[in-house]
Structure formats: C-alpha cells, structure tokens
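# Breakdown of the fold
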Amino acid sequence: MGDLESAVPRPRVPQQERSRATQARILDAAVRVLTESGYEGFTTAVVSQRAEVSKGALFKHFPTRETLLVATVRHLFEGQRGNFANALMSLEGQNARERVRAAIRALWDLLRDPEYLAVLQVYSAARTNAKLASALGPIAEEEAAETHAAGTLLFTSFGVPPDADVGGLIAVVFYALEGMAQDEGFNGEPTPGYYEQAFRQLERLVMDLIPEEE
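For the structure given in this document, a descriptive report is provided here. Only a predicted model underlies this, so the values are computations on that prediction, with no experimental measurement involved.

## Some words on the nonpolar core
If you look at soluble globular proteins, the nonpolar side chains tend to sit buried side by side. Counting residues in each nonpolar core, the largest one holds 62 residues, and the members touching the most others are Val 47, Leu 68, Phe 155, Leu 177 and Ile 210. Elements with a contribution of two residues or more to this core: helix H2 (15–37), helix H3 (44–51), helix H5 (65–89), helix H6 (96–111), helix H7 (114–125), helix H8 (130–157), helix H9 (167–187) and helix H10 (194–207). Setting aside its immediate chain neighbours within four residues, Ile 210 contacts Ala 96, Val 100, Phe 155, Phe 158 and Val 160.

## Describing the environment of Thr 152
Counting through the fold element by element, Thr 152 comes out in helix H8. Spatially, the C-alpha atom of Thr 152 lies 44 Å from that of Lys 55, the residues being 97 residues apart in sequence. With near-sequence residues (within four places) excluded, Thr 152 lies in contact with Pro 162, Val 166 and Ile 170.

## Remarks on H6
Its 16 residues place the ends of H6 22 Å apart at the C-alpha level, agreeing with the 22 Å of an ideal helix rising 1.5 Å per residue. For H6, the full list of buried residues reads Ala 96, Arg 99, Val 100, Ala 103, Ile 104, Ala 106, Leu 107, Trp 108, Leu 110 and Leu 111. Among the structural elements, H5, H7, H8, H9 and H10 are those in contact with the buried residues of H6. Between the side-chain oxygen at the start of H6 and the backbone nitrogen of Arg 97 there is a gap of 3.2 Å, and the oxygen is on Asn 95.

## Section: unusual backbone geometry
Despite not being glycine, Glu 52 has its phi angle at roughly 60°, a positive value. Looking at where Glu 52 falls in the secondary structure, it is placed in the loop between H3 and helix H4 (55–61). You can call Glu 52 exposed: its relative accessible area is 71%.

## Digging into the side chain of Gln 80
Secondary-structure assignment places Gln 80 in helix H5. With residues near it in sequence (within four places) discarded, Gln 80 still touches Leu 110, Asp 113, Glu 115 and Tyr 116.

## Details of the packing of H5 against H8
For the pair H5 and H8, the least separation of the axes is 10 Å and the interaxial angle reads 5°. Here H5 is positioned roughly parallel relative to H8, judged by the angle of their axes. Two secondary-structure elements touch here, H5 through Glu 66, Val 70, Val 73, Arg 74, Phe 77, Arg 81 and Leu 88 and H8 through Leu 132, Ala 135, Leu 136, Ile 139, Glu 142, Glu 143, Glu 146, Ala 150 and Leu 154. Broken down by class, the residue content of the contact of H5 with H8 amounts to 10 nonpolar, no polar and 6 charged.

## A short note on the packing of aromatic side chains
Per the stated rule, a full pass over the model turns up 6 aromatic pairs. Look at Phe 77 and Tyr 116: their rings are 6.3 Å apart centre to centre, the planes differ by 55°, and that puts the pair in the tilted class. Here the residue Phe 77 occupies a position in helix H5, and Tyr 116 occupies one in helix H7, the gap between them amounting to 39 residues. Each member of the pair Phe 77 and Tyr 116 is classed as buried. Arranged with centres 5.7 Å apart and planes meeting at 65°, the rings of Tyr 194 and Tyr 195 form a pair that is edge-to-face. Assessed through its relative accessible area of 14%, Tyr 195 is described here as buried. By way of ring pairs, the aromatic residues Trp 108, Tyr 194, Tyr 195 and Phe 199 are connected into one cluster. It is Arg 65 that lies over the ring of Tyr 39; its NZ or CZ is 4.5 Å from the centre.

Definitions and limits used
- Residues numbered from 1 in each chain as written.
- Predicted model: local features only at pLDDT ≥ 70, side-chain atom pairs only at ≥ 80, totals over all residues.
- Heavy atoms only, no water.
- Core = buried A, V, L, I, M, F, W, Y, C linked by side-chain atoms within 4.5 Å.
- Buried < 20%, exposed > 50% of the residue type's maximum accessible area, 1.4 Å probe, protein only.
- Helix = DSSP H or I, 4+ residues; strand = E, 2+ residues; numbered from the N terminus.
- Contact = heavy atoms within 4.5 Å.
- Expected span 1.5 Å × (residues − 1).
- Polar contact = N/O pair within 3.5 Å; in protein donor to acceptor, adjacent residues only side chain to side chain.
- Axes fitted to C-alpha atoms, helices over the stretch in contact; angles between N-to-C directions.
- Parallel < 35°, antiparallel > 145°, perpendicular 65-115°, else oblique.
- Nonpolar A, V, L, I, M, F, W, Y, C, P; charged D, E, K, R; others polar.
- Phe/Tyr/Trp six-rings, centres within 6.5 Å; stacked < 30°, edge-to-face > 60°.
- Lys NZ or Arg CZ within 6 Å of the ring centre and 35° of its normal.

This is how it looks when you write it as structure tokens:
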C-alpha cells in the first residue's frame with residue numbers, strides 16, 4: 001500500500017502560492033522577533049530560524065535586514081488597522097458617549113500593544129539611518145491618512161458635518177494616547193486613576209464637537 005500511495009501524483013501547490021505562504025511565515029516570525037527582542041535584537045538569522053526557513057529563502061524575499069524591517073512594519077500596521085476597524089464596527093448601536101469612550105480605549109489598547117511599541121523603536125532608529133527613514137516615511141504617511149480617515153468617518157457617524165475640521169482633534173487624541181503608552185512602557189503604570197482622568201478629558205474634547213442627541 002505504501003508503494004501504491006507513493007506512486008499516486010500529489011497535487012502540486014503553485015509556485016506563486018508557495019512563495020506567498022513563505023513570505024507570510026517570514027513576516028509573522030519577524031513581528032514576533034521584533035516584539036520580543038526589539039530593534040537591536042532583530043536579525044535575519046533569528047527571523048529565519050523562527051520562521052523555519054533557510055537564510056537563502058529569506059533573502060530571496062527580503063535581500064537585507066532593512067527591507068525585512070520595512071516589510072515587517074507594514075505587515076504589523078496592516079494587522080493592527082484591521083483590529084481597530086473591527087473594534088469600531090463592534091460599537092454600532094451604542095450612543096455617542098459610549099462609542100467615544102470605547103473608541104478611545106480601543107485606540108489606547110492598540111497604541112500600548114507591545115507590537116506597536118516595537119515599531120516605534122524602528123522609527124526611532126531610522127533617525128540615524130537615512131535609507132531606513134526614506135523607506136519608512138511613506139508608511140507613516142499612509143498610517144496617518146488611515147487614522148484621519150477612520151476618525152473622520154467616526155465623527156461623521158455622530159452627526160458631525162463631513163467637511164468639519166476634525167484633523168487637529170484627531171491628532172491631539174492620537175498623540176496624547178501614544179505619549180501615555182510610551183511613558184507607561186518606560187516607567188510602568190502611573191498612580192491609580194491617572195489614565196481614567198486622562199481618558200475623561202479626551203472624551204470631553206471629542207464630545208464638545210458632537211451635536212447633542214435629541
């Protein structure tokens with residue numbers, strides 16, 4: 001039976017599909033390595049080991065450490081963008097204040113996630129690496145545009161006119177939460193109640209722009 005089974009042709013997986021699967025495996029492993037070991041500990045050798053692929057296979061897809069880092073950042077952002085979109089969709093049916101409160105906390109959870117904090121290490125390192133900075137710049141611009149679009153859509157659902165200037169408020173909320181997340185990463189959690197007070201202040205800023213529900 002064994003000889004007969006081995007004689008039966010097995011379906012061949014197209015080369016392009018195998019290539020995509022290998023690339024996805026490498027990027028998933030790269031995200032784990034970046035999150036666990038940070039920028040300094042991120043090496044192609046460690047990633048190839050975690051992905052269980054040869055260095056040759058890794059370099060076929062990502063010729064240098066920098067190209068792998070850039071692809072990893074993009075891959076990570078895409079995953080987080082999907083998670084945040086799902087979180088916003090789950091808020092449908094709640095009143096404006098409940099949705100604002102939940103949206104702020106969903107963004108907070110994203111920005112304090114170890115994966116996001118690891119990405120910030122990469123952007124920090126890019127300050128002294130012109131080639132890396134050049135490659136990462138467009139990704140940062142795309143993410144900023146996506147954040148603005150998601151925020152604008154959320155405000156529109158609250159009855160705020162589509163042409164209202166909400167960009168500044170979105171930036172204030174985003175960078176306030178990002179700064180708090182970085183501070184927590186460096187210094188640990190602050191005194192009890194600190195975050196809740198900050199969330200309430202941000203909530204008030206947002207609610208001031210939203211028409212009162214009838």
